[in-house]
Amino acid sequence: QVQLVESGGGLVQPGESLRLSCAVSGSFFRIHGVNWYRQAPGNQRNLVAGISSSDSTYYTDSVKGRFTISRDNAQNTVYLQMNGLKPEDTAVYYCYATLQGTPSGAAYGVWGRGTQVTVSS
């Protein structure tokens, strides 16, 4: 069974930084893309950043220039470096991975359980 475990969240002041990690464990053949989403109370879950198997990246406009997504294929881990944090970045951050279980199998998606990021003075 594949699991995604997020870590690195916490309480920081505006302008500070955090690095989130999304570790993928279990049995699988390949990780395709991995995305980070966030959900603030009362809001829908929104895409923040994504990285493909070819290392192409995507960022929503509000985090461009502040957040950086990267992956360590040897560790099956994806990171989200968040600099210049703002109160509006406060949310639960979730990672979502698109995986392939076997060489001939279909791709499927798995969610992590999330990590809380709170930006407040």
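A.B. asks: So what's going on with the overall build of the protein chain? Residues and values would help.
C.D. replies: Across its full length, the protein chain carries zero helices and eleven strands. Going residue by residue from the N terminus, the α and β elements of the protein chain occur as β-β-β-β-β-β-β-β-β-β-β. The globule rule puts the C-alpha radius of gyration for 121 residues at 14 Å, and the 14 Å found for the protein chain is close to it. On the principal axes, the C-alpha backbone points of the protein chain span a range of 50 × 25 × 25 Å. Taking all 121 residues of the protein chain together, the buried fraction comes to 40%. Counted over contacts in the protein chain with a minimum sequence separation of 6, partners at least 24 positions apart contribute 54%.

A.B. asks: Pulling in residues and values, what's your account of the nonpolar core?
C.D. replies: The biggest cluster of nonpolar side chains holds 30 residues, and the ones touching the most others in it are Leu 4, Trp 36, Phe 67, Ile 69, Leu 80, Met 82 and Tyr 93. When contributions to this core are tallied by element, the ones reaching two or more residues are β3 (18–25), β4 (30–39), β5 (46–51), β7 (67–72), β8 (77–82), β9 (91–100) and β11 (115–119). If sequence neighbours within four positions are ignored, Leu 80 has contacts with Leu 18, Arg 19, Leu 20, Trp 36, Ala 49, Phe 67, Thr 68, Ile 69 and Tyr 93.

A.B. asks: Lay out the layout of surface pockets in plain terms, naming residues and giving numbers.
C.D. replies: Its boundaries defined by the atoms lining it, the largest pocket holds a volume of some 150 Å³. As for the largest pocket, its lining consists of Gln 1, Val 2, Gln 3, Leu 4, Val 5, Glu 6, Val 110, Trp 111, Gly 112, Arg 113 and Gly 114. The set of elements that each furnish at least two residues to the lining of the largest pocket consists of β1 (3–7) and β10 (107–111). Taken together, the residues that form the lining of the largest pocket break down as five nonpolar, four polar and two charged.

A.B. asks: Run through the pairing of β7, naming residues and quoting values.
C.D. replies: The two faces of β7 differ: Phe 67, Ile 69 and Arg 71 on one face are buried, but Thr 68, Ser 70 and Asp 72 on the other face are not. Relative to β8, β7 runs antiparallel, the two sharing six bridges. Within β8, the position partnered with Arg 71 by the bridge is Val 78. Linking two consecutive strands that pair antiparallel, namely β7 and β8, is a turn of four residues; a positive phi of about 50° is found at Asn 76 within it.

A.B. asks: How would you explain unusual backbone geometry if you had to name every residue and give the values?
C.D. replies: Generally, phi is negative for residues other than glycine and the peptide bonds are trans, each holding for most cases. Its identity is not glycine, yet Asp 55 carries a phi of approximately 70°, on the positive side. Residue placement: Asp 55 occurs in the loop between β5 and β6 (57–59). The exposure class of Asp 55 is partly exposed, given its relative accessible area of 44%.

A.B. asks: Requested: an account of the state of the cysteines, with residues and values cited.
C.D. replies: For the structure shown, the criterion picks out one disulfide. Disulfide partner of Cys 22: Cys 95, at an S-S distance of 2.1 Å. Looking along the S-S bond of the Cys 22-Cys 95 disulfide, the torsion reads about 65°, which is the right-handed sense. Of the two residues, Cys 22 sits in strand β3 while Cys 95 sits in strand β9, which places them 73 residues apart along the sequence. In this structure, Cys 22 and Cys 95 share a single accessibility class: buried.

What counts as what
Residues numbered from 1 in each chain as written. Predicted model: local features only at pLDDT ≥ 70, side-chain atom pairs only at ≥ 80, totals over all residues. Heavy atoms only, no water. Helix = DSSP H or I, 4+ residues; strand = E, 2+ residues; numbered from the N terminus. Rg over C-alpha atoms; globule rule 2.2 N^0.38 Å. Buried < 20%, exposed > 50% of the residue type's maximum accessible area, 1.4 Å probe, protein only. Contact = heavy atoms within 4.5 Å. Core = buried A, V, L, I, M, F, W, Y, C linked by side-chain atoms within 4.5 Å. 1 Å grid on protein atoms, 1.4 Å probe; cavity = no way out; pocket = protein on both sides within 12 Å on 5 of 7 lines; lining within 4 Å. Points joined across faces, edges and corners; volume = space filled by probe spheres on them. Nonpolar A, V, L, I, M, F, W, Y, C, P; charged D, E, K, R; others polar. Pairing = 2+ DSSP bridges. Disulfide = S-S within 2.5 Å.

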